[in-house]
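So you can see what is in the structure, the chains are spelled out below.
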Amino acid sequence: IFRFLYSDEVQIGPETVMTTLYTAKKYAVPALEAHCVDFLTKHLRADNAFMLLTQARLFDEPQLASLCLDTIDKSTMDAISAEGFTDIDIDTLCAVLERDTLSIRESRLFGAVVRWAEAECQRQQLPVTFGNKQKVLGRALSLIRFPLMTIEEFAAGPAQSGILSDREVVNLFLHFTVNPKPKVDYIDRPRCCLRGKECSINRFQQVESRWGYSGTSDRIRFTVNRRISIVGFGLYGSIHGPTDYQVNIQIIDYEKNQTLGQNDTGFSCDGTASTFRVMFKEPIEILPTVCYTACATLKGPDSHYGTKGLKKVIHESPTASKTCFVFYSSPGNNNGTSIEDGQIPEIIFYT
């Protein structure tokens, strides 16, 4: 620090940067502090992102912290596999688990959190027991989005981990297997690795009454002009008042006849002509000019339906390019949905 004050000469290396940053902060030398932060930013990688994030939060460097979080979002698996992940403090862990932009399956994220809990027990000199792991995790456990897992992932991991109570395990199994689904105290909002704001388009201009269901799927084909990530549909509900529906939703690659994502779930409606959100467990990447089929198979009473459908719907955003959907009727086993009328009025997506 004296060398810098007298000569503006900067000598920073991996071994000295943290102590130099601490000293520059303590003695209020902002120019040297900026050099340290610039050095750390240039050397930021997935395998040291958690270590640098902890330091950025400790030294109150929001710009560096933001860059670390961006790196963790883009390379989540590599970041949580690094040694530095288990060394972070509980507040940093919670700050990461709260993010909607992590690119990792929830079951793998849970496995990493268990590793962190085991390391934290050792730091606190506690026996590594189920109860102590639950204790050190505290509110971090509530930030794991168990509803995003498949029932197989939940059964193989969290259900046998001993960290959840028997009641929580039963409630989550019920959430996976029955409709209407019981309320659980865990977030079911998909994590989306594509950046941007949640958007939606509605292809119908008018709503009418009485669309029936007999086990056949409602289907509509579509293409988009740019890469997006679909997170769910808006579907019409009952014409007979408040009702619960069972539903399976899918996105299918039309040319390959390959299911890219699906969810067996349910939704409750209030009897109005509104649409009701039904979400996928994970975002589904949609590529430009590729033809996809949106599919919904409902079990329940007659519903509202849309008419005066548009073949082309354009969504304009002040922060992104226009997103243009073009719709086509889906041939074959269809419940009657077409461009002109039917179900699946709304597609919910991230740009």
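Residues numbered from 1 in each chain as written. Predicted model: local features only at pLDDT ≥ 70, side-chain atom pairs only at ≥ 80, totals over all residues. Heavy atoms only, no water.

## With respect to the overall build of the chain
Helix and strand counts for the chain come out as 12 helices and 12 strands. On the principal axes, the C-alpha backbone points of the chain span a range of 80 × 50 × 35 Å. Expressed as a percentage of the 351 residues in the chain, the buried residues total 49%. Within the chain, contacts between residues at least 6 apart in sequence are counted, and of these 77% link residues at least 24 apart. A total accessible area of about 17,100 Å² is found for the chain, and carbon and sulfur atoms account for 49% of it. (Helix = DSSP H or I, 4+ residues; strand = E, 2+ residues; numbered from the N terminus. Buried < 20%, exposed > 50% of the residue type's maximum accessible area, 1.4 Å probe, protein only. Contact = heavy atoms within 4.5 Å. Areas by Shrake-Rupley, 256 points an atom, 1.4 Å probe, with all protein chains shown as cover.)

## Digging into helix H7 (residues 90–97)
Among the residues making up H7, those that are buried are Thr92, Leu93, Cys94, Val96 and Leu97. The inward-facing, buried residues of H7 abut helix H4 (49–58), helix H5 (62–74), helix H8 (106–123) and helix H9 (130–137). Between the side-chain oxygen of the N-cap and the backbone nitrogen of aspartate 91 there are 3.0 Å, and the N-cap of H7 in question is aspartate 89. (Polar contact = N/O pair within 3.5 Å; in protein donor to acceptor, adjacent residues only side chain to side chain.)

## Details of the nonpolar core
Formed by 51 residues in total, the largest nonpolar core has its most connected members in Leu93, Leu137 and Phe146. For this core, the leading source of residues is H8, giving eight residues. Grouped together as the second largest cluster of nonpolar side chains are 34 residues, Ile201, Phe222, Ile228 and Leu235 included. (Core = buried A, V, L, I, M, F, W, Y, C linked by side-chain atoms within 4.5 Å.)

## Notes on the domain arrangement of the chain
Split by domain assignment, the chain resolves into domain 1 (1–177) and domain 2 (199–350). Relative placement of domain 1 and domain 2: their C-alpha centres are 37 Å apart. (Domains from an automatic or database assignment.)

## Quick look at the packing of H4 against H7
Contact geometry for H4 and H7: axes closest at 10 Å, N-to-C directions at 110 degrees. Our classification of the angle between H4 and H7 gives roughly perpendicular. In the packing of H4 onto H7, the handedness of the crossing is right-handed. In contact with Phe50, Leu53, Thr54 and Arg57 of H4, H7 contributes Asp91, Thr92, Ala95 and Val96. For the contact of H4 with H7, the residue count by class is four nonpolar, two polar and two charged. (Axes fitted to C-alpha atoms, helices over the stretch in contact; angles between N-to-C directions. Parallel < 35°, antiparallel > 145°, perpendicular 65-115°, else oblique. Left-handed = near helix turned anticlockwise from the far one by under 90°. Nonpolar A, V, L, I, M, F, W, Y, C, P; charged D, E, K, R; others polar.)

## Overview of the sheet that holds strand S12 (residues 346–350)
Strand order in the open sheet made by the four strands is S1-S12-S4-S7, with antiparallel pairing throughout. The sheet is open, and its two borders are formed by strand S1 (198–202) and strand S7 (275–286), each paired with just one other strand. Sheet twist, expressed as the average angle between the axes of neighbouring strands with direction ignored, equals 25 degrees. In the sheet, strand S4 (residues 228–236) pairs with S12 via five bridges, with the strands oriented antiparallel. Considered in S12, the bridge of isoleucine 230 is made with phenylalanine 349. (Pairing = 2+ DSSP bridges.)

## Topic: unusual backbone geometry
Phi at arginine 210 takes a positive value of approximately 75 degrees, unusual for a residue other than glycine. Within the fold, arginine 210 resides in strand S2 (residues 206–211). You will see that threonine 289, though not glycine, has its phi angle at about 70 degrees, which is positive. By secondary structure assignment, the location of threonine 289 is in the loop between S7 and strand S8 (292–299). Given a relative accessible area of 69%, threonine 289 falls into the exposed group.

## Describing the side chain of threonine 76
Of note, threonine 76 is situated in helix H6 (residues 76–81). On the accessibility criterion, threonine 76 (2% relative accessible area) is buried. At 2.6 Å, the side chain of threonine 76 forms a polar contact with the backbone oxygen of isoleucine 72. In this view, threonine 76 contacts Leu102, Ser103 and Ile104; residues no more than four positions away in its chain are not counted.

## Quick look at the packing of aromatic side chains
For the structure on display, the rule yields 17 aromatic pairs. Note on phenylalanine 325 and phenylalanine 327: the rings are 6.1 Å apart at their centroids and 10 degrees apart in plane angle, and the pair reads as stacked. With relative accessibility at 0%, the residue phenylalanine 327 sits in the buried group. Here arginine 203 stacks its cationic end above the ring of phenylalanine 327, 5.5 Å away from the centre of that ring. The side chain of arginine 221 reaches across the aromatic face of tyrosine 254, ending 4.6 Å from its centre. (Phe/Tyr/Trp six-rings, centres within 6.5 Å; stacked < 30°, edge-to-face > 60°. Lys NZ or Arg CZ within 6 Å of the ring centre and 35° of its normal.)

## Side note on the environment of arginine 123
Turning to its location among the elements, arginine 123 is positioned in helix H8. For arginine 123, a relative accessible area of 38% corresponds to the partly exposed category. As for arginine 123 and aspartate 87, which are separated by 36 residues in sequence, their C-alpha atoms are 9.3 Å apart. Arginine 123 has contacts with Thr86, Asp87, Ile88 and Trp116, leaving out every residue within four places of it along the chain.

## Overview of the pattern of salt bridges
Side-chain pairs of opposite charge can arise where the charged atoms are in close proximity. Counted under the stated rule, the structure contains 12 salt bridges. Among the salt bridges present, the one from glutamate 153 reaches arginine 105, with a minimum N-O distance of 2.7 Å. You can see glutamate 153 sitting in helix H10 (residues 151–156) and its partner arginine 105 sitting in the loop between H7 and H8, a full 48 residues away along the chain. Assessed through its relative accessible area of 32%, arginine 105 is described here as partly exposed. Between lysine 322 and glutamate 316 there is a salt bridge, and its shortest N-O distance comes to 4.0 Å. When its relative accessible area of 47% is taken as the criterion, lysine 322 is described as partly exposed. (Salt bridge = Lys/Arg side-chain N within 4 Å of Asp/Glu carboxyl O.)

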